[in-house]
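# Architecture at a glance
Listed below are the residues making up each chain.
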Amino acid sequence: MFGFGVPELLIIAFMVMLIFGVGKLPEIGGSFGKAISNFRKSAEGKDQVELNPKDT
């Protein structure tokens, strides 16, 4: 759709390394992964609160 190939992805990765530095890349990757995970959970509706809790 957008036509991203290997050269374009390498340019983007190089720009990210220039902006954030190599040391911050694992932290950024982890944050990005958590954001995607939270988005998927919210899209599936797993974080909804039960209005009538069961008695235990």
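Residues numbered from 1 in each chain as written. Predicted model: local features only at pLDDT ≥ 70, side-chain atom pairs only at ≥ 80, totals over all residues. Heavy atoms only, no water.

The number of helices and strands found in the protein is 2 helices and 0 strands. Total accessible area on the protein stands at roughly 5,500 Å², and carbon and sulfur atoms take up 66% of it. (Helix = DSSP H or I, 4+ residues; strand = E, 2+ residues; numbered from the N terminus. Areas by Shrake-Rupley, 256 points an atom, 1.4 Å probe, with all protein chains shown as cover.)

Before going further, it helps to spend a moment on helix H1 (residues 6–20). Along an α-helix, residues three or four positions apart point the same way, because every turn accommodates 3.6 residues. In this model H1 runs 21 Å from its N-terminal to its C-terminal C-alpha over 15 residues, within 8% of the 21 Å that 1.5 Å per residue would give. One or two steps after H1, the chain reaches glycine 21, where phi turns positive at roughly 90°. (Expected span 1.5 Å × (residues − 1).)

Relative to the 28 Å expected for 20 residues at 1.5 Å per residue, helix H2 (residues 25–44) spans 29 Å between its end C-alpha atoms, a close match to the ideal helical length. At the exit of H2 stands glycine 45, carrying a positive phi of roughly 80°.

Once that is clear, we can look at a nonpolar patch on the surface. A cluster of nonpolar residues, Ile11, Phe14, Met15, Met17, Leu18, Ile19, Phe20, Val22 and Ile28, forms a patch on the protein surface that exposes about 920 Å² of accessible area. Here the nonpolar patch gets 7 residues from one element, more than from any other, and that element is H1. Relative to the helices and strands, methionine 17 resides in helix H1. (Patch = residues over 30% accessible without salt bridge, like charges linked within 9 Å, V, L, I, M, F, W, Y side chains within 5 Å. Salt bridge = Lys/Arg side-chain N within 4 Å of Asp/Glu carboxyl O.)

Any functional reading would require information that these geometric values do not contain.
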